[in-house]
Amino acid sequence: MPAPARSRTFRNDERRTARTSLPGNPLAPSAARRFVRAALAEWTSLGLLTTCALCQGDEACPPGRHSSDGLADDAVLIVDELVTNAVVHAGTNVELLCRLEAAPSEPEGPGGPPGPDDPSAALPGPDTAAEQEPAALVIEVSDHHPARSVRSDAHEPAGGGSPDYGRGLQLIAALAERWGITYRTGLKTVWARLPLDGPIAEVAAGTGADGAAGVNGVLGEPALRRGLRAAEIIAPAPRGMPREDPDWISRGALSFLAEASDLLAGQLDEDLVAALAGQLLVPRLADWCAIWLDGEEGHGRTGAPRLARVWHADESRIELLRALLEKEPPRLLDTQRGQDGTGTGTGGRNVPVPVPWPGAGQTGAHDGAAVACRLVANGRPLGTLVLGRRRLARMPDEVTALIEDFARRVALAIGAARRYTRQATISRVLQRSLLPSQVARIPGVESHLVYEPADDGVVGGDFYDVFPAPPGGRWCFMLGDVQGSGPEAAVVTGLARPWLRLLAREGYGVGEVLDRLNRLLLDDAMEAAEAAALMVAVAGGQDLSGGESGLPGLSDLGPLGDIRDIGKSLDDGRGGGLADGGQSRFLSLLYGELAPLPGTSGGARCTLASAGHPLPLLLRPDGTVRVAAEPQLLLGVDENVAYESLSFDLASGDTLLCVTDGITERRSGRLLLDDDDGLSAILAGCTGLNAQGVAERIRRAVHDFDPSPPSDDLAMLVLRAE
């Protein structure tokens, strides 16, 4: 006869209850977990818990030797969920109680029977199945907001994934023998009872309540089931991919394409477009994908393709897949017929066609269906997209149709990125050609230049230069800003800087240089206006001397007013839309000369003039700041203006700050950086700094003035007498 089952897990003792109060904040769950483990460890060390997974038969654990690890793990999971529920949904202090409860057949000991408020009071009485129940650990978690219900998440959250606030009472129901909720005045208690199934000696196979064999002397099947249920709740099996849902193509294809369009449209780098395309496809539609990008050789010819991106659902296989694909790149002709047999070819459509599986036939290689399609935008092939799915003999037609739509969006994004890259490259090359490769070193004067274009893809209107002017002893500097940006601004910049150098080397003074540059700009505008008027007249078949076109005759053109009349006529639409030809080109400019002062005291004689430009500021060593020039009219507006210069000594320790309107007009909401002499205040705080230190402090102040990046070019020249 096998020995009767006896529970040896628990000795009667009045110290079998532990309780604590926890604050209702996010730290409560971790404190509760520590409390439960500490209580179980103490009970084990005192001998109240006398068995654990390491002990067999009727022998009890020596006090302090072992701990009930399995019981502690289950208790910690339950306490964590219940305390989290109480904190999140009640928001009050949490009362936690842990009690070792004897089996009904054992004496209750000094503690006596459970009171009327104990959750165990609701358990079945001695005349029920409770007589056969083993001892148990009872856990109670109480909050002081009984009007709030306990979150139970009996169903999976919408959209899949884990619930927002833990796993609710599903986990408690899976681990506990029984659980419940007790309501009292001002208190709500959720309790759970964990059985303490002790070792049962000499239990034969098939003698358990459900016929299960014992595991390490313990009837293990019910506990195993509970553990599996809990594991499924904690770590549910992963859902299938959308592609495995037969209805996903019809239900989710449009949203997938819309999401792809949003993500790809704003990318201006073709490699980033390829990377995003791979992550969108895998694992939604494919197990892996690769993107080749064709090189550009010009004249409509494509260069050698390069493997830009490889993506695999199993990241450990990416490098192996890359090696296989590089050995066997897809060979698709742009004139290849599509699957529909229309003969339109992939040169005008992104039609997916079957291709061999990479490494097919090799040992360990997986087989499946793979398709490739050319990435074509505006009739120009840009690359190739290849993707594959395992365990398929043929890619479904619905998937290939979706891939075709997706590939079209990828091709358009790559084409846009390439156009932007070409434009940005041209702009950078043009910008470098318009600006000096280096600035001259002025004896006795320390200089530092800052130039930051607002947009790398557009030629800016700011320009600068520092150069020596013969016959020696003079150094000229300029800081200008052309109206507008792009090619129009580049044209004026390309004219103004060489003209200024030429005029300065011819020996003209500062004022004379501005006078002549002003007339040159107006003459250039006059020629453009005459050319525009001629083109309009020829296009409209009108007499060049005037007439029904409403345009003034060439013989009646004045120096400036009629140019504006032509520009206005063209802007009004009477001249065939060639308004740009008749507009004057405005230019703001700060131009000056430096000549070292005689003697060894340092410093330089400075002569400068400002034509519609932000006025330069002079910082003295004592921290005072003053304006160093007088405001005058923009260049290219009026040929009758006479520009005047101002001279002063740039003494040792003085700092001259020259900036463009990208600094003075830096915006933050309705405020400008230079409101209430804001730039002067910043410069006053730069006393004692060298030229580079002053430039860096002002540059940082400009960027810190508003979180958004500057919308205009920043140019700054700092000159400091040594």
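Residues numbered from 1 in each chain as written. Predicted model: local features only at pLDDT ≥ 70, side-chain atom pairs only at ≥ 80, totals over all residues. Heavy atoms only, no water.

**What to know about the overall build of the protein**
In step 1: The number of helices and strands found in the protein is 14 helices and 26 strands.
In step 2: Counting across all 722 residues of the protein, residues that qualify as buried make up 44%.
In step 3: For the protein, the share of sequence-separated contacts (at least 6 apart) that also reach a separation of at least 24 residues comes to 67%.
In step 4: Summing over all exposed atoms, the protein offers an accessible surface of approximately 35400 Å²; the carbon and sulfur share of this is 52%. (Helix = DSSP H or I, 4+ residues; strand = E, 2+ residues; numbered from the N terminus. Buried < 20%, exposed > 50% of the residue type's maximum accessible area, 1.4 Å probe, protein only. Contact = heavy atoms within 4.5 Å. Areas by Shrake-Rupley, 256 points an atom, 1.4 Å probe, with all protein chains shown as cover.)

**A few points about the sheet that holds strand E21 (residues 625-627)**
In step 1: The strand order across the open sheet formed by five strands is E15-E26-E23-E20-E21, and the pairing between neighbours is antiparallel. The open sheet has two edge strands with one neighbour each: strand E15 (445-452) and E21. Pairwise comparison of adjacent strand axes, ignoring direction, gives a mean angle of 20° for this sheet.
In step 2: Pairing geometry for strand E20 (residues 617-619) and strand E23 (residues 655-659), over three bridges, is antiparallel. Across the sheet, residue Leu618 finds its bridge partner in E23, namely Leu656. (Pairing = 2+ DSSP bridges. Axes fitted to C-alpha atoms, helices over the stretch in contact; angles between N-to-C directions.)

**Quick word on the pattern of salt bridges**
In step 1: Under the counting rule described, the total for this entry stands at 25 salt bridges.
In step 2: For Asp405, the salt bridge identified is with Arg408, shortest N-O distance 3.0 Å. With a gap of three residues between them, Asp405 and Arg408 both fall in helix H8 (residues 397-434), about one helical turn apart.
In step 3: A salt bridge links Arg501 to Asp465; the nearest nitrogen and oxygen atoms lie 2.6 Å apart. In this pair, Arg501 is assigned in helix H9 (residues 487-505) and Asp465 in strand E16 (residues 462-469), connecting sequence segments 36 residues apart.
In step 4: For Arg501, a relative accessible area of 21% corresponds to the partly exposed category.
In step 5: Salt bridges here are not isolated pairs; linked through shared partners, they connect Arg99, Glu101, Glu140, Glu177 and Arg193. (Salt bridge = Lys/Arg side-chain N within 4 Å of Asp/Glu carboxyl O.)

**As for the sheet that holds strand E18 (residues 587-596)**
In step 1: Spatially, five strands are ordered E16-E17-E18-E19-E22 in an open sheet, and the strand pairing comes out antiparallel. Strands at the two margins of the open sheet, each flanked by one partner only, are E16 and strand E22 (646-650). With strand direction ignored, the average angle separating the axes of adjacent strands in the sheet is 20°.

**Points about the pairing of strand E2 (residues 94-101)**
Put simply, side chains in a regular strand alternate between the two faces of the sheet.
In step 1: Of all eight residues in E2, seven are buried; the element is thus mostly enclosed.
In step 2: Note that strand E1 (residues 17-22) and E2 share six bridges and pair antiparallel. Looking across to E2, one finds that Leu22 is bridged to Val94.

**Digging into helix H1 (residues 28-46)**
Helical geometry note: an α-helix holds 3.6 residues per turn, so side chains three or four residues apart project in the same direction.
In step 1: With 19 residues, H1 should cover 27 Å at 1.5 Å per step; its first-to-last C-alpha distance of 27 Å lies within 8% of that length.
In step 2: Listed in full, the buried residues belonging to H1 are Ala28, Pro29, Ala32, Val36, Ala39, Leu40, Trp43 and Thr44. Looking straight down H1, one finds its buried side chains confined to an arc of 145°; they lie on one side. (Expected span 1.5 Å × (residues − 1). Arc of directions from axis to C-beta.)

**Topic: unusual backbone geometry**
Excluding glycine, most residues fall at negative phi; most peptide bonds, likewise, are trans.
In step 1: Residue Pro283 is bonded to the preceding Val282 through a cis peptide linkage, with omega at 5°.
In step 2: By secondary structure assignment, the location of Pro283 is in the loop between helix H6 (270-281) and strand E8 (288-293).
In step 3: The phi dihedral of Asp676 is positive, around 55°, even though this residue is not glycine.
In step 4: Following the sequence through the fold, Asp676 ends up in the loop between strand E25 (671-672) and helix H13 (678-684).
In step 5: The phi dihedral of Asp677 is positive, around 55°, even though this residue is not glycine.
In step 6: Tracing the chain through its elements places Asp677 in the loop between E25 and H13.
In step 7: Here Asp677 falls in the exposed class, since its relative accessible area comes to 53%.

**What about the confidence of the model for the protein?**
In step 1: On average, residues of the protein score 75 in pLDDT, and 66% of them reach the 70 mark or higher.
In step 2: Contacts for the low-pLDDT stretch residues 153-166, under 50 throughout, to residues beyond four places or in other chains number 14 contacts.
In step 3: Low pLDDT (under 50) marks residues 335-347, which in the prediction has 28 contacts with non-local residues, meaning those over four places away or in another chain. (pLDDT = per-residue confidence, 0-100.)

**Remarks on the packing of aromatic side chains**
In step 1: Here the structure, examined in full by the defined rule, presents three aromatic pairs.
In step 2: For the pair Phe256 and Phe406, a centre-to-centre distance of 5.6 Å together with 25° between the ring planes defines the contact as stacked. Taken together, the residues span a long stretch of sequence, with Phe256 in helix H5 (residues 248-265) and Phe406 in helix H8 at a distance of 150 residues.
In step 3: Phe256 sits in the buried class, given a relative accessible area of 2%.
In step 4: Ring plane angle 50° and centroid distance 5.7 Å describe the contact between Tyr451 and Tyr464, whose orientation is recorded as tilted. In this pair, Tyr451 is assigned in strand E15 and Tyr464 in strand E16, connecting sequence segments 13 residues apart. For the pair shown, Tyr451 and Tyr464 are each scored as buried.
In step 5: Above the plane of the ring of Phe648 lies Arg626, whose end atom (NZ or CZ) is 5.5 Å from the centre. (Phe/Tyr/Trp six-rings, centres within 6.5 Å; stacked < 30°, edge-to-face > 60°. Lys NZ or Arg CZ within 6 Å of the ring centre and 35° of its normal.)

**Brief notes about the environment of Arg666**
In step 1: Residue placement: Arg666 occurs in the loop between helix H12 (661-664) and strand E24 (667-668).
In step 2: For the pair formed by Arg666 and Leu714, sequence separation is 48 residues and the distance between their alpha carbons is 9.4 Å.
In step 3: Once you skip the residues sitting within four places of it in the chain, Arg666 turns out to touch Asp661, Leu671, Leu672, Leu673, Val702, His703, Phe705, Asp706, Ser708, Pro709 and Pro710.
In step 4: Here Asp706 takes part through its backbone oxygen, which lies 2.9 Å from a polar atom of the side chain of Arg666.
In step 5: Of the polar contacts made by the side chain of Arg666, one reaches the backbone oxygen of Ser708; its length is 2.7 Å. (Polar contact = N/O pair within 3.5 Å; in protein donor to acceptor, adjacent residues only side chain to side chain.)

**Topic: the environment of Val36**
In step 1: Relative to the helices and strands, Val36 is located in helix H1.
In step 2: Sequence separation between Val36 and Asp73 is 37 residues, and the spatial gap between their C-alpha atoms is 9.6 Å.

**So, the packing of H6 against H8**
In step 1: Interhelical geometry of H6 versus H8 gives an angle of 160° and a closest axis separation of 9 Å. As summarised for this structure, H6 and H8 are arranged roughly antiparallel, according to the angle between their axes. Note on packing geometry: the crossing formed by H6 with H8 is right-handed. Contacts from Glu270, Val273, Ala277, Leu280 and Leu281 in H6 reach Phe406, Val410, Ala413, Ile414, Ala417 and Arg418 in H8. (Parallel < 35°, antiparallel > 145°, perpendicular 65-115°, else oblique. Left-handed = near helix turned anticlockwise from the far one by under 90°.)

**Details of the nonpolar core**
In step 1: Core analysis: the largest hydrophobic core is formed by 50 residues, its most contacted members being Phe463, Phe477, Leu589, Tyr591, Leu594, Leu635 and Leu656.
In step 2: In this structure, Leu22, Ala39, Leu40 and Ala192 belong to the second largest nonpolar core, which totals 37 residues. (Core = buried A, V, L, I, M, F, W, Y, C linked by side-chain atoms within 4.5 Å.)

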